[in-house]
Amino acid sequence: MRSLQNLPVPGRLRRRIERQWLIGRAIKRRHALSLISDRTGQIGRRDILAFVTQRNERVRLPYFLDYYRELGVRHFLFVDNNSTDGSTDYLKAQPDVSLWWTKAGYKQSRFGMDWLCWLLFRYGHGHWCLTVDPDEFLVYPHCDSRPLTALTDWLGDSGHRSFPAMLLDMYPKGALDERIYQEGQNPFEIACWFDPANYTIRKNSYLGNLWIQGGPRTRTFFPYDPKSGPALNKIPLVKWSRRYTYYSSTHMLLPRSLNWVYDEDGGEMASGCLLHAKFLSTFAEKSTEELDRGQHYANSQEYRAYHAGLQDGARLWCSESREYRDWRQLEDLGLISSGNWP
Amino acid sequence: MTEAVNLGVILLCHANLRMAARMARIWADGGARVVIHIDAKAPASDVAEMKQSLSDLPDIAYSRRIRCNWGRFSLIEATQHAASQLLETWPETTHVYLASGSCLPLRPIADLRAFLALDPNRDYIESVDTNEVGWVIGGLNEERFTLYFPVDWRKHRKLFDRCVEIQRKLGIRRKLPRGLTPHLGSQWWCLTANTLRAILNDPRRKEYDRFFRRSWIPDESYFQSLARRHSGSIESRSLTFARFDHRGRPYQAYDDHLQVLEEANCFVARKIWPGATQLLGYFPRPAGPGPDPTPPQPANIERLIARTVSRRILGRPGLYMQSRFPRKDSENGKTSAPYAVFQGLTDIFPGFEDWLRDYLPGDVHGHLLGPEMVEFAGRPEIGPGALSSSAVLRDYDPQGFLTALIRMTEQMQVFQFSPRDNQDLNWFMATDPNAYLFVVTGAWNLPLLDMDMPFDDIRRITAKLQRTEMELLEVLNSVWVKARVQLWEFNDFIARPQAILDKALGQIDPDAKPVTKLPPMRDITGLPEHLQRLRNSGLHPRLTGDQPITKASHILARNNI
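Parameters and conventions
Residues numbered from 1 in each chain as written. Chains lettered and ligands numbered in written order. Predicted model: local features only at pLDDT ≥ 70, side-chain atom pairs only at ≥ 80, totals over all residues. Helix = DSSP H or I, 4+ residues; strand = E, 2+ residues; numbered from the N terminus. Rg over C-alpha atoms; globule rule 2.2 N^0.38 Å. Buried ≥ 20, exposed ≤ 12 C-beta atoms within 10 Å, placed from the backbone. Contact = placed C-beta atoms within 7 Å. Pairing = 2+ DSSP bridges. Axes fitted to C-alpha atoms, helices over the stretch in contact; angles between N-to-C directions. Core = buried A, V, L, I, M, F, W, Y, C linked by C-beta atoms within 7 Å. Domains from an automatic or database assignment. Parallel < 35°, antiparallel > 145°, perpendicular 65-115°, else oblique. Left-handed = near helix turned anticlockwise from the far one by under 90°. Nonpolar A, V, L, I, M, F, W, Y, C, P; charged D, E, K, R; others polar. Expected span 1.5 Å × (residues − 1). pLDDT = per-residue confidence, 0-100.

A separate point is the overall build of chain A. Helix and strand counts for chain A come out as 10 helices and 16 strands. Since a compact globule built from 342 residues should have a radius of gyration of about 20 Å, the 19 Å found for chain A is in line with a globular shape. Counting only C-alpha atoms and orienting by the principal axes, one finds that chain A spans roughly 50 × 45 × 45 Å. Taken over 342 residues, chain A has a buried fraction of 51%.

Dropping the structure here:
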């Protein structure tokens, strides 16, 4: 597909070809998935669905499922990438989870997006679909008093098809392994700190999305190579259609009109955050494992840097870190906005 | 007193009939007679279920079902049928309230009756002359009446817009019926039976109907215009609280609005999110010991809505984030607060930064845009907002860096600048009304005086810095400048630094204490010779001004080369 970039094809046509190619690729790779438990018959016409890939996240799953159940997600579609920690059995036993299993390479499957795009294609059409990782927790304006259906109803009424939620890295005050994360625990009891205002934004004109970087990872691990810092822009909530596809992780989509979730005339549109509970006691172990597998983006450059940084006891916390309170705090800081949703 | 008011309600329902049935029950329980119009498009099973659930209430009737299309005359037709039926079935009705199936009464119906009884001949209908601009948000105003609308907007938006455009070009103007002044207003009203009867029985009704059949969104103009012809006393406001966003879509109420809705003391609110169970359970409030006729006081909720509208349209100044990324010059405020930039002063006074801290109340930083690092006040590794002091990281998005810093800090930000620093923000700062820029030109020459470097290198650096500063001056002298800029030539500044600094600081902070003592100045004794030497080497130093030069030193300089 990269070769297409060099051909003199007009952007519009190129995007169309890329979109169809990505959808076709996802359909073709559906055979990599083997069905373990199919409860998709339970899905109602207006249900909000969650699509998740996971690998060895057994400890995190109970809180993750409860969090999104409470928000109003009605059904979870999981792809289990060859877990060995019993998470497969755990998910199989959940009444609102449909589970697929694969041992195909994460990297070779566009970091799991091929699998999820197939499930989105097959089951997501016409639904509001939330595509998240097991360590991402959606926070949106008024999330303490209004369920996710209130948000999706409002988005639908206002003619929006997608909702942005920037990834907000959360970290503990001390060393990562100082407090051990227990199963079922709210991860933000431990990792409750975040960086308030060191994010960089640029616009990608080909796909129309904003490219957001920065935060504690860039500040700590990439201060002299900001370009390599992780991308934080995400669009996890979409009223799905078979014609849509995620382009790169959940950072951006095709068709590109789905990426226009920001106002360019000075106004604010509604947006949320994905609180990222990656930096817990489980991280050190995980980063060693992931480094060995080499299945992550850009040759696992990120994991390499973290590993090097965290070996000598580096901490993410600094005196300017803020302690997380609620969505209103994030709105005051300008990380999210309630836009036109009073 | 309340006996004088016999309230009839027309309930227009199209979707969510379960909620509509609930509303009908509230009205009927409150002693109102209700005529329900159900859109002909509603599924038969839902209608049957609704009728079944309301079968125990005697004072409910159903009017002829019409297929209603949004923005078309069918809505008026449905209202007319229901109104005629209401007035025929219950001729003793004194007031008719038009509500929808998703309008929630917030106060007991007895309160509404008591309120109407205060002035029984008054019609409560918002009715604004179309010549008065400003009622319509994001839509057609007067053209609703003067153009033709053959296609449905919801189904064929592009065609609709094209139609309007073509008619505008052709200069098409429909004739208004004689004597009719079009008025617009909220589609939810409460009219006295007399006024409503007069509208329905108007001898020219056919003519009016024909006219409004072709108008755009007649439910916001039919009764609003005709009431002006027939009513003796109009109070131009709607008793139903409904507000629209900048695109003309109604705002919805959720559970967390409970308190603000209660404070607003409105009779009826539209529209409620169907899942707001807490609201639907809480309202309408049970009747108190006696009816309470106080009028609505929606000031608080209006403020909430005004804040939302301004946030959606204007946004918060100086904020750049995932859902607000204004293009250049559409920022509605490039930065969120005033800040001051001093160029050249650290070159003249090496201790300027510390000195300035005593005179200005803000955070005084060093060279924030400096080439080696971000010189935050006190030189921490991580500055306000967790901004890194890495210059590489800052230069990755300098504008984001500066705006975030200004937005994150509570005090005024003051920093030093020089041609050695990152120049990417020159236009940004020059066109930002929040910026105070103070520039002493040519001051960057001074540190080069005691630089222990080969003359060729000094000459090269001088040329580069001079070019950079001249580019900045070009920006600062352009017609686009919005910042408050003060420029001094080095010579002028050196002649009376204390007075100039005093004035400059007074401009930033009117309460700044007078400048009485200056920080130690860098030694400038060798400057004339240095400049002459540059001149002799073929470079033309332009920004430092003419330095008086003694003959002896002139010869000295020449001999050195």
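In terms of helices and strands, chain B carries 23 helices and 17 strands. Dimensions along the principal axes, computed over C-alpha positions, put chain B at roughly 115 × 60 × 45 Å. Within chain B, the proportion of its 561 residues that are buried is 43%. Sequence separation of at least 24 residues holds for 77% of the intrachain contacts in chain B that already meet a minimum separation of 6.

A separate point is the sheet that holds strand β3 (residues 75-81) of chain A. All names here are of chain A. One open sheet holds the seven strands; their spatial order is β1-β4-β3-β2-β5-β12-β7, and the pairing between them is mixed. Each edge of the sheet is formed by a strand with only one pairing partner; in this case those strands are β1 (34-37) and β7 (162-163). Both strand β2 (residues 49-54) and strand β5 (residues 128-131) contribute to a ladder of three bridges, which runs parallel. Considered in β5, the bridge of Phe51 is made with Thr131. In this fold helix α5 (residues 113-124) packs onto β2, β3, β4 (97-102) and β5, with an angle of close to 160° to the strand it touches most, β2.

Let us now look at the nonpolar core. Ranked by size, the top nonpolar core spans 166 residues in total, and within it Cys273(A), Ile10(B), Leu11(B), Ala24(B), Val34(B), Val268(B) and Ala269(B) carry the most contacts. Among the elements that take part in this core, helix α1 (residues 17-29) of chain B stands out by supplying eight residues, more than any other. Val34(B) has contacts with Val9(B), Leu11(B), Ala24(B), Trp27(B), Ala28(B), Asp59(B) and Ile60(B), leaving out every residue within four places of it along the chain. Grouped together as the second largest cluster of nonpolar side chains are 43 residues, Val440(B), Leu446(B), Phe493(B) and Leu543(B) included.

Another point: the domain arrangement of chain B. Along its sequence, chain B is carved into domain 1 (2-137 + 182-313) and domain 2 (339-523). Here the C-alpha centroids of domain 1 of chain B and domain 2 of chain B sit 62 Å apart.

Right, let's talk about the sheet that holds strand β11 (residues 240-241) of chain B for a bit. Residues and elements named next belong to chain B. The strand order across the open sheet formed by three strands is β5-β12-β11, and the pairing between neighbours is mixed. Strand pairing shows two members of the sheet lacking a second neighbour, β5 (104-105) and β11, which therefore form its edges. As defined by bridge partners, β5 adjoins strand β12 (residues 268-269) across two bridges and the pair is classed as antiparallel. Bridge pairing links Leu104 to Ala269 in β12.

Here we come to the environment of Ile26(B). All names here are of chain B. Looking at where Ile26 falls in the secondary structure, it is placed in helix α1. For the pair Ile26 and Phe283, spaced 257 residues apart in sequence, the C-alpha separation works out to 9.7 Å. Setting aside residues up to four positions removed in sequence, Ile26 forms contacts with Pro105 and Pro284.

Residue and element names in this part refer to chain B. Axis separation between α1 and helix α2 (residues 44-53) bottoms out at 9 Å; the angle between their running directions is 20°. The angle between the axes of α1 and α2 places the two elements in the roughly parallel class. The crossing of α1 and α2 is right-handed. Contacts between α1 and α2 involve Leu17, Ala20 and Ala21 from the first element and Asp46, Val47, Met50 and Ser53 from the second. For the contact of α1 with α2, the class distribution of residues is five nonpolar, one polar and one charged.

Moving on to the pairing of strand β11 (residues 210-214) of chain A. Residues and elements named next belong to chain A. Of all five residues in β11, four are buried; the element is thus mostly enclosed. The sheet contact formed by strand β10 (residues 199-203) and β11 spans five bridges and is antiparallel. What sits directly across from Tyr199, in β11, is Gly214.

All names here are of chain B. Burial analysis of strand β4 (residues 95-100) places six of its six residues in the buried class, which makes it a mostly covered element. Here β4 shows no split at all, with His95, Tyr97 and Ala99 on one side and Val96, Leu98 and Ser100 on the other all buried. Pairing between strand β1 (residues 7-13) and β4: six bridges, direction parallel. Paired with Leu7 across the bridge in β4 is His95.

On the side of chain A, 49 residues touch chain B, which itself brings 45 residues to the contact. Sorting the residues of the side of chain B that touches chain A by element identifies α12 (299-313), α15 (391-396) and α16 (398-408) of chain B as the ones contributing at least two each. Here the element with the most residues in the side of chain B that touches chain A is α12(B); it accounts for six residues. Of the residues contributing to the side of chain B that touches chain A, the split by class is 21 nonpolar, 12 polar and 12 charged.

A cis geometry characterises the amide bond from Leu254(A) onward to Pro255(A), with omega recorded as -5°. Mapped onto the secondary structure, Pro255(A) falls in the loop between β14 (252-254) and β15 (272-276). Residue Lys271(B) follows Arg270(B) across a cis peptide bond; omega there is -5°. Along the chain, Lys271(B) turns up in the loop between β12 and α11 (277-282). The phi dihedral of Asp329(B) falls on the positive side, at around 70°, and the residue is not glycine.

As a further point, take helix α3 (residues 61-71) of chain A. Residue and element names in this part refer to chain A. Taken as a whole, α3 has its buried residues at Leu61, Tyr63, Phe64, Leu65, Tyr68 and Leu71. Taken together, the buried residues of α3 touch β2, β3, α4 (87-92), β6 (136-139) and α6 (148-157). Just downstream of α3, Gly72 is the residue with a positive phi angle, here 120°.

Now for the packing of helix α3 (residues 74-89) of chain B against helix α7 (residues 193-200) of chain B. All names here are of chain B. Axis separation between α3 and α7 bottoms out at 11 Å; the angle between their running directions is 125°. Taken together, the axis directions place α3 and α7 in an arrangement best described as oblique. In the packing of α3 onto α7, the handedness of the crossing is left-handed. Contacts between α3 and α7 pair Gln80, Ala83, Ser84 and Leu87 from the former with Ala193, Leu196, Arg197 and Leu200 from the latter.

Moving on, we get to α5(A). One full turn of an α-helix is made of 3.6 residues, so residues set three or four places apart face in the same direction. All names here are of chain A. With 12 residues, α5 should reach 16 Å at 1.5 Å per residue; the first-to-last C-alpha distance of 14 Å falls well below that figure. The element α5 is largely enclosed, with a buried count of nine among its 12 residues. For α5, the full list of buried residues reads Met113, Asp114, Trp115, Leu116, Cys117, Trp118, Leu119, Leu120 and Gly124. In this structure, the buried side of α5 is in contact with α2 (11-28), β2, β3, β4, β5 and β13 (245-248). Within two residues after α5, Gly126 carries a phi angle of roughly 85°, on the positive side.

All right, on to the environment of Leu200(B) then. Residues and elements named next belong to chain B. Note that Leu200 resides in helix α7. Its 15 C-beta neighbours within 10 Å are what place Leu200 among the partly exposed residues. The spatial distance from the C-alpha of Leu200 to the C-alpha of Ser231 is 13 Å, given a sequence separation of 31 residues. Ignoring sequence-local partners within four residues, the contact set of Leu200 consists of Gln80, Ala83 and Ser84.

With that out of the way, let us pick up the confidence of the model for chain B. Residue and element names in this part refer to chain B. In the predicted model, chain B carries a mean pLDDT of 89, and 95% of its residues have values of at least 70. Taken together, the stretch residues 550-561 has pLDDT below 50 and engages in 12 contacts with residues farther than four places along the chain or on a different chain. Interface confidence for the predicted complex, given as ipTM, is 0.92, next to a pTM of 0.89.

Moving on, we get to the environment of Thr152(A). Residue and element names in this part refer to chain A. By the element assignment, Thr152 lies in helix α6. Looking at Thr152, the number of C-beta atoms within 10 Å reads 21, which means it is buried. Measuring from C-alpha to C-alpha, the distance between Thr152 and His127 comes to 9.8 Å, with 25 residues separating the pair along the chain. Setting aside anything within four residues of it in sequence, one finds Thr152 in contact with Ile48 and Trp128.

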